[in-house]
Amino acid sequence: MAEHKGVVLVTGGAQGMGASHSEALGKAGWHVCVADVKDTAPTVHTIQTQGGSASGHRLDVVDSEAWNALAAHIKSEFGGLAGLVNNAGVSYRHGISDTDDANWHKVIGVNLNGVFFGMRAMAPLMRDSGGGSIINISSISGQLGYHGAAYGASKWGVRGLTKSAAGEYAPWGIRTNSIHPGLIDTPMVSNADAFVASSLESIPFGRAGTPAEISAAVVFLMSPESSYLNGSELTIDGGLIAAGTYWRIRHEAAQRSKGGDL
Ligand code: NAD
């Protein structure tokens, strides 16, 4: 195994942003435990070919017993854990009336219960390893009203859980923060052309973000450089939340007034 500065775990690391976070953390010198229900071998291989250290782990984040087993495995295999990135998630873009019980439970199960089970299983190991950093991937849909009701509720839940953990785990030397990506170019949005095209009209930068632009924040929050960040939320969305509404209104008004004064 290559030299590393500590062990971190990334869920949903087989593709999309999770793969990007895993690779960036590997480059930053961490041993990355890449966990997913999908095949993690390609991500592990990429990290290793870049000179980093990584291992693949099958984990369904809705399974609390599997979380406990993985915590025991990491303890026996690596001796401890310095960081956890709760990134695994599923998308669901339907309103309350169109959400049946099964879809509600699925979205809440992966996106919210998964984060809860993950922190509960891993935080004691992190405490016993001298503390560290938990990074929960929420969304801007956890900061405003989102048309996908179950998804929005799950991401608001992640934001709230993060605040609870920030207090509970601070005495253990663990910092807990949430990241709120806007529209990011990953497989999650690759089948949603109309949604993406319309979203771009509310993003002042006029483009989707890249996974690497989120991974840079993950690397920062994992590093000791962020030692006083706890319970914070980092919105990374090209200005959508802060200025997107009036940016869009301004452009639509200009079209309505046919170039006249707004
Ligand atoms: P993605 O669909 O490309 O990847 C998600 C990964 O999570 C996949 O590898 C998948 O196998 C894994 N996963 C799903 N269910 C799992 C389970 N039960 N157990 C373990 N792994 C599981 O998605 P992405 O765009 O990379 O999203 C990553 C995170 O970022 C998610 O939490 C998502 O909600 C969030 N997010 C995405 C966007 C976006 O625009 N793409 C915006 C805001 C937030």
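Keep in mind it's a predicted model, so treat the numbers as computed, not measured.

(A) How the structure looks around the layout of surface pockets. In this structure, the largest pocket occupies an estimated 1100 Å³ of space. V90, S91, Y151, T186 and M188 are the residues nearest the centre of the largest pocket, which is lined by 45 residues in total. At the level of elements, α1 (16-27), β2 (31-36), α5 (149-169), α6 (193-200) and α8 (240-256) are the ones that each hand at least two residues to the lining of the largest pocket. Of the residues assigned to the lining of the largest pocket, the class counts are 21 nonpolar, 18 polar and six charged.

(B) Just empty space enclosed by the protein, in detail. Tallying each qualifying case throughout the model produces one cavity of 30 Å³ or more. Looking at the largest cavity, the residues that line it are T11, V61, N86, N87, A88, V110, G114 and V115. Considering every element that reaches the lining of the largest cavity, the biggest residue donor is helix α4 (residues 101-128), with three residues.

(C) Fine view of the pattern of salt bridges. In total, this model carries six salt bridges according to the counting rule given. Of the charged contacts, one joins D128 and R127 as a salt bridge, the two residues approaching to 3.0 Å between their closest N and O atoms. What makes R127 partly exposed here is its relative accessible area of 35%. In the salt-bridge network here, residues are joined through shared partners; they are R159, K163 and E233.

(D) Here's a closer look at the packing of α1 against helix α2 (residues 41-49). α2 packs onto α1 with a crossing angle of 25 degrees between their chain directions and a minimal axis gap of 9 Å. Regarding the angle of α1 to α2, the classification is roughly parallel. Relative to α2, the crossing made by α1 is right-handed. Across the interface between the two elements, A19, S22, E23 and G26 of α1 pack against T43, T46 and I47 of α2. When its residues are assigned to classes, the contact of α1 with α2 shows two nonpolar, four polar and one charged.

(E) Focus on the site of the ligand. With respect to spatial proximity, 29 residues lie near the ligand, and among them M17, D36, N87, Y151 and T186 are the closest. At 2.7 Å from an oxygen atom of the ligand is found a side-chain nitrogen or oxygen belonging to D36. Contact between the ligand and I184: an oxygen atom at 2.9 Å from a main-chain N or O atom of the residue. Burial of the ligand by the protein chains amounts to 93% of its free accessible area of 830 Å². Judged by the proximity of its atoms to the pocket grid, the ligand belongs to the largest pocket.

(F) Here's a closer look at the pairing of strand β6 (residues 174-181). Among the eight residues of β6, eight are classified as buried, and the element is accordingly described as predominantly covered. Residues I174, T176, S178 and H180 of β6 are buried on one face, and the alternating residues R175, N177, I179 and P181, pointing to the opposite face, are buried as well. Note that strand β5 (residues 132-137) and β6 share six bridges and pair parallel. Residue pairing in the sheet places I134 in a bridge with T176 of β6. Crossover β5 to β6 through α5 is right-handed. With four bridges connecting them, β6 and strand β7 (residues 233-236) associate as parallel partners. Residue pairing in the sheet places I179 in a bridge with L234 of β7.

(G) A look at helix α7 (residues 211-222). Helix length check: α7 (twelve residues) gives 16 Å between terminal C-alpha atoms against 16 Å at 1.5 Å per residue, within 8%. P211, I214, S215, A217, V218, L221 and M222 are the residues of α7 that are buried. The buried residues of α7 occupy an angular sector of 160 degrees when projected down its axis, which confines them to one face. Looking at the buried side of α7, the elements it contacts are β1 (7-11), α1, β4 (83-86), β5, β6 and β7.

Definitions and cut-offs
Residues numbered from 1 in each chain as written. Predicted model: local features only at pLDDT ≥ 70, side-chain atom pairs only at ≥ 80, totals over all residues. Heavy atoms only, no water. 1 Å grid on protein atoms, 1.4 Å probe; cavity = no way out; pocket = protein on both sides within 12 Å on 5 of 7 lines; lining within 4 Å. Points joined across faces, edges and corners; volume = space filled by probe spheres on them. Helix = DSSP H or I, 4+ residues; strand = E, 2+ residues; numbered from the N terminus. Nonpolar A, V, L, I, M, F, W, Y, C, P; charged D, E, K, R; others polar. Salt bridge = Lys/Arg side-chain N within 4 Å of Asp/Glu carboxyl O. Buried < 20%, exposed > 50% of the residue type's maximum accessible area, 1.4 Å probe, protein only. Axes fitted to C-alpha atoms, helices over the stretch in contact; angles between N-to-C directions. Parallel < 35°, antiparallel > 145°, perpendicular 65-115°, else oblique. Left-handed = near helix turned anticlockwise from the far one by under 90°. Contact = heavy atoms within 4.5 Å. Near = heavy atom within 4 Å. Polar contact = N/O pair within 3.5 Å; in protein donor to acceptor, adjacent residues only side chain to side chain. Areas by Shrake-Rupley, 256 points an atom, 1.4 Å probe, with all protein chains shown as cover. Sits in = over half its atoms within 2 Å of the grid points. Pairing = 2+ DSSP bridges. Right-handed = clockwise from strand over helix to strand, strands pointing away. Expected span 1.5 Å × (residues − 1). Arc of directions from axis to C-beta.

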